[in-house]
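Listed here are the chains, written in short residue letters.
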Amino acid sequence: MSVRYERLEGALAERLDSLFGIPGCLIEVNPGKVLLPPKYVELGQRIKDLEVRPDDVWVISYPRTGSTWVQEMVWCIGNDLDFETAKQYGQFRNPLLELTALMGNDKGSWKDSLGNSVDLAESLKSPRFIKTHLPVTLLPKQIFTVRPKIIYVSRNPKDMCVSYYHYCRLLHDFHGSFEDFAEIFLQGKAPVGPYWSHVLGFWDLRHDENVLFLKYEEVRKDHRGCILKVAKFMGKDISEDDVSKLLDHLSFQKMKENRALNLEDFLQARNGPGFIQKGDQTFIRKGKVGDWKNYMSPELAERFDNWTRENLKGTGLSFNTEE
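Starting from 1, residues in each chain are numbered consecutively following that chain's sequence as written. Given that the model is predicted, a residue must reach a pLDDT of at least 70 before its local features are reported, and side-chain atom pairs must reach 80 or more before they are shown or counted; all residues, however, enter totals for whole chains, interfaces and linings. Neither water nor hydrogens contribute to the side-chain values; these are computed over all heavy atoms in the structure.

(A) View of helix H1 (residues 10–20). Only protein chains enter the calculation, and the probe is 1.4 Å; a residue is then buried if its accessible area is under 20% of its type maximum, exposed if over 50%, and partly exposed in between. Strands are runs of DSSP state E lasting at least 2 residues, helices are runs of H or I lasting at least 4, and numbering of each runs from the N terminus. Every buried residue belonging to H1 is among Ala13, Leu16, Leu19 and Phe20, and all of these are buried. The buried residues of H1 occupy an angular sector of 135° when the element is viewed end-on, so they sit on one face. Turned more than 90 degrees off the buried face of H1, the exposed positions are Ala11 and Glu14. Residue glycine 21 follows H1 closely and has a positive phi angle near 70°. This arc describes the spread of directions from the helix axis toward the C-beta atoms.

(B) Unusual backbone geometry, seen in detail. Of note, the bond from asparagine 30 into proline 31 is cis; its omega dihedral lies within 30 degrees of zero at 5°. Mapped onto the fold, proline 31 is located in the loop between strand E2 (27–30) and strand E3 (34–36). Look at the link from serine 126 to proline 127: it is a cis peptide, with omega at 0°. With respect to the helices and strands, proline 127 occurs in the loop between helix H6 (117–123) and strand E5 (129–132). Phi at arginine 64 is positive, roughly 65°, even though this residue is not glycine. Checked against the element boundaries, arginine 64 lands in the loop between strand E4 (57–61) and helix H3 (67–78). For arginine 64, a relative accessible area of 14% puts it in the buried group.

(C) Quick look at the sheet that holds strand E7 (residues 211–215). Ordered in space as E5-E4-E6-E7, the 4 strands form an open sheet in which the pairing is parallel. Only two strands of the sheet have a single partner each, and these edge strands are E5 and E7. For this sheet, the mean inter-axis angle between neighbouring strands, taken without regard to orientation, is 20°. Two strands qualify as a pair provided that DSSP identifies no fewer than 2 bridges between them. Of the pairings in the sheet, the one linking E4 to E5 comprises 4 bridges and is parallel in character. Bridged to valine 57 within E5 is phenylalanine 129. Whether two residues are in contact is decided by their heavy atoms: any pair within 4.5 Å suffices. For every element, the axis is a line fit to its C-alpha atoms; helices are fit only across the contacting stretch, and the angle between N-to-C directions ranges from 0 to 180 degrees. Running over the sheet, helix H10 (residues 195–203) touches E4, strand E6 (149–154) and E7 and is turned about 140° from E6.

(D) Looking closely at the nonpolar core. Counting residues in hydrophobic clusters, the biggest one holds 74 residues, and the most contacted among them are Leu36, Trp58, Tyr164, Phe178, Phe181, Phe185 and Phe304. Dropping the residues within four chain positions of it, phenylalanine 178 is found in contact with Cys161, Val162, Tyr165, Tyr295, Met296 and Leu300. As used here, the term nonpolar core means buried Ala, Val, Leu, Ile, Met, Phe, Trp, Tyr and Cys residues forming a set that is joined through side-chain atoms within 4.5 Å.

(E) Quick look at the pattern of salt bridges. Between Lys or Arg on one side and Asp or Glu on the other, a salt bridge is scored when a side-chain nitrogen of the former is within 4 Å of a carboxyl oxygen of the latter. For the coordinates displayed, the defined rule picks out 12 salt bridges. A salt bridge links lysine 236 to aspartate 80; its shortest N-O distance comes to 2.9 Å. Of the two residues, lysine 236 sits in the loop between helix H12 (223–234) and helix H13 (240–249) while aspartate 80 sits in the loop between H3 and helix H4 (90–93), which places them 156 residues apart along the sequence. Overall, aspartate 80 belongs to the exposed group, its relative accessible area being 58%. A cluster of three or more residues bridged by salt bridges with shared partners is formed by Arg46, Asp119 and Glu122.

(F) Seen up close, the packing of aromatic side chains. Two aromatic rings, drawn from Phe, Tyr or Trp (for Trp, its six-membered ring), form a pair once their centres lie within 6.5 Å of each other, and the interplanar angle then sorts them: stacked below 30 degrees, edge-to-face above 60, tilted otherwise. What the rule picks out here adds up to 23 aromatic pairs. Taking the centre distance of 6.1 Å and the plane angle of 15° together, the rings of phenylalanine 185 and phenylalanine 304 count as stacked. You can see phenylalanine 185 sitting in helix H9 (residues 178–186) and its partner phenylalanine 304 sitting in helix H16 (residues 298–312), a full 119 residues away along the chain. When its relative accessible area of 0% is taken as the criterion, phenylalanine 304 is described as buried. Only when the NZ atom of a Lys or the CZ atom of an Arg is both within 6 Å of the ring centre and within 35 degrees of the ring normal do we say a charge sits over the ring. The ring of tryptophan 75 carries the charged tip of arginine 93 above its face, separated from the ring centre by 4.6 Å. The ring of tryptophan 292 is capped by lysine 158, whose NZ or CZ atom sits 3.7 Å from the centre of that ring.

(G) Spotlight on the side chain of threonine 132. One can find threonine 132 in strand E5. For threonine 132, a relative accessible area of 0% puts it in the buried group. In contact with threonine 132, other than residues within four places in its own chain, are Trp58, Val59, Ile60, Ser61, Leu96, Leu97, Glu98 and Leu139.

(H) The arrangement of the sheet that holds strand E1 (residues 4–7) in detail. As summarised here, the arrangement of the 3 strands in space is E1-E2-E3, forming an open sheet in which the pairing is antiparallel. In the strand order of this sheet, the two ends are held by E1 and E3, each with one partner. Between one strand axis and the next, the sheet turns through 35° on average, direction left out of account. By the bridge criterion, 4 bridges tie E1 to E2 in an arrangement that is antiparallel. Considered in E2, the bridge of arginine 7 is made with isoleucine 27.

Take a look at the structure:
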């Protein structure tokens, strides 16, 4: 099935353009009603037709589910804890496949140094480690025939929405309130589109031997156990000593300070050398479970709970929303 594109029109288009401050900021990409910047038109079919290799490892998630944390864990396990190479900028060793499109509305020349994200993925030597926020419907066709290892990262939608709001403020110039963002998110109209179809698309594949479905809350609760689970899934042996070293490398403070992952250089190139990440305006922000309580009114929290209950009924999937 080919990728199809539609312009957004009417009140929805006006609302999104106002919130992000850019005319025509998003288009609808189908199948899947996925909302992405118009730049995706240049990449969509290329991604659909991308050659997938049997020894690829794909980390897939909706944005702001802990995927940067998990992708670093996966890359390190797959590369035998090569912490020296891990100092290279994450995008060049573990590219976000559609990054060129996601940054497509930014007019600055600073992003030229990143190159084309699909070109980058194609040029990597095997085994490749690739990350994407695309749903099942927009993945390369060969994903389902070649069947590389896929690690899917999910997160309770309350905390994910809070984190995504701050991310969109930091990187996509969203200037509405949290309530504004939560509203478009609940409607399936935030960038990347509907949340539950994304998550359930991979939950339905969880029994496939090439798919590992993770929950952020479980990784946080038992990080050591998760490292062992991921290593076993990837067919890698890892000693207790190496698990301890990896736990240290992946600690929240180390991740927050890691310039290969924290987007410090990226954000200074975008916003000027004096730009400093601080407070909630940081790429690696809090990493907590239950932060939604600091943002959601009881009424909004109840809307999220009802929305979650309705969408997960009969699926067997559930999430913890507190530590």
